[in-house]
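These are the residues of each chain, in order.
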Amino acid sequence: MGNQNPVGVFDSGVGGIGTLSALRRELPQEDFLYFGDTLHAPYGTKPREEVMACVTRVMTHLLSNHVKAVVIACNTATAVAAKELRETYDLPILGMEPALKPAHALRHGGSILVLATPMTLRLEKFQQLYARYGEGAIPLPCPGLMELVEQEANEQARRYLLELLHPYDLRTVDAVVLGCTHYPFLRGAIRRIVGRRPEIIDGSYGIAMQLRRRLEAADGLNESGVRGTVTFENSLDEPEILALSRALLD
Ligand code: DGL
């Protein structure tokens, strides 16, 4: 593992940039190459094979840039492809999963709302997590919500969330799990709807700690003493998407 090589991070769009911020906070000396696959978004409502093909293309691209590790900053892509990628490639590959385990630990008898893409909630990975930590958990598929984040359609996203959360007695909700990396960008809107009581949890801090551990174990930490760089790339060949990516990181 070349310690000075970048860490590859990818998502179906700009959602994983929230995860990237957490990775940078934890590992400020690392260089990151972030790839947003906006041209092929959304992943969460596509057939599984199609998502697998997209992820394989992104992975090949990242490897051609000599990344030393890959963070799949996308719950959907992790559920579809992480296992197969780990069997295929010989480098640390980290993935996201809805933070149901920490939510379960915080639960005191109320419910846990799990917001994620239809694909994430359907596949075995989440089903296994649910079987272990799903007491009181209510999975809420959110088709179309990531698109509203990508389009910065804040008012539409607020209305979507109001409608989604309206049927639940929010006084008895202990936690809201943001099981898609796009949703932390809606944290403020979600907080205003659910009030102060429930915890709102996403997995980005956990994955940053995991990346530190994996790089340490492989003796692969960049210890140059210099602040690392972030390079953004996107399958959509438009300057606006790169500008949005930079703005979201800041
Ligand atoms: N950001 C994604 C996730 O964490 C994917 C959303 C999508 O492409 O549908 O699941």
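Owing to the predicted nature of the structure, the values given are computational and were not obtained by experimental measurement. (Residues numbered from 1 in each chain as written. Predicted model: local features only at pLDDT ≥ 70, side-chain atom pairs only at ≥ 80, totals over all residues. Heavy atoms only, no water.)

### With respect to the overall build of the protein
A count of helices and strands for the protein gives 11 helices and nine strands. Whereas a compact globule of 250 residues would reach a radius of gyration of roughly 18 Å, the protein reaches 18 Å, a difference of no more than 12%. C-alpha extents for the protein along the principal axes are approximately 50 × 40 × 35 Å. Put simply, of all contacts in the protein between residues at least 6 apart along the chain, 76% involve residues at least 24 apart. (Helix = DSSP H or I, 4+ residues; strand = E, 2+ residues; numbered from the N terminus. Rg over C-alpha atoms; globule rule 2.2 N^0.38 Å. Contact = heavy atoms within 4.5 Å.)

### Side note on the sheet that holds strand S9 (residues 230–234)
The strand order S4-S3-S1-S2-S9 describes an open sheet built from five strands, whose pairing is parallel. Two strands close off the open sheet at either side, each with one partner strand: strand S4 (93–95) and S9. The sheet shows a mean angle of 20° between the axes of neighbouring strands, taken without regard to direction. Sheet topology places strand S1 (residues 7–11) next to strand S3 (residues 69–72); four bridges connect them, and they run parallel. In the strand pairing of S3, Phe-10 is matched with Ile-72. Running over the sheet, helix H1 (residues 16–26) touches S1, strand S2 (32–36), S3 and S9 and is turned about 170° from S2. (Pairing = 2+ DSSP bridges. Axes fitted to C-alpha atoms, helices over the stretch in contact; angles between N-to-C directions.)

### A closer look at the pairing of S2
Working note: regular strand, side chains alternate between the two faces of the sheet. With five of its five residues buried, S2 lies for the most part within the structure. Covered by surrounding structure in S2 are Phe-32, Tyr-34 and Gly-36 together with Leu-33 and Phe-35, the residues of both alternating faces. As judged from the five bridges shared by S1 and S2, these two strands associate in the parallel manner. Counted as the bridge partner of Val-7 is Phe-32 from S2. For the segment spanning S1, H1 and S2, crossover handedness is right-handed. Bridging between S2 and S9 involves five bridges; their strand directions are parallel. Bridge assignment links Phe-35 to a residue of S9, and that residue is Glu-233. (Buried < 20%, exposed > 50% of the residue type's maximum accessible area, 1.4 Å probe, protein only. Right-handed = clockwise from strand over helix to strand, strands pointing away.)

### A short note on the packing of helix H8 (residues 154–165) against helix H9 (residues 187–194)
Put simply, H8 and H9 touch, their axes get as near as 10 Å, and they point 40° apart. Relative to H9, the element H8 is oriented oblique. As for how H8 packs across H9, the hand of that crossing is right-handed. From H8, Arg-158, Leu-161, Leu-162 and Leu-165 reach across to H9, where they touch Ala-189, Ile-190, Ile-193 and Val-194. For the contact of H8 with H9, the residue count by class is seven nonpolar, no polar and one charged. (Parallel < 35°, antiparallel > 145°, perpendicular 65-115°, else oblique. Left-handed = near helix turned anticlockwise from the far one by under 90°. Nonpolar A, V, L, I, M, F, W, Y, C, P; charged D, E, K, R; others polar.)

### Digging into helix H11 (residues 239–249)
Among the residues of H11, Ile-241, Leu-244, Ser-245 and Leu-249 are the ones counted as buried. When H11 is viewed along its axis, its buried side chains cluster within an angular range of 135° and face the same direction. Across from the buried face of H11, at angles greater than 90 degrees, the exposed residues are Pro-239, Glu-240 and Ala-247. Tucked inside the fold, the buried residues of H11 contact H1, helix H7 (145–150) and S9. (Arc of directions from axis to C-beta.)

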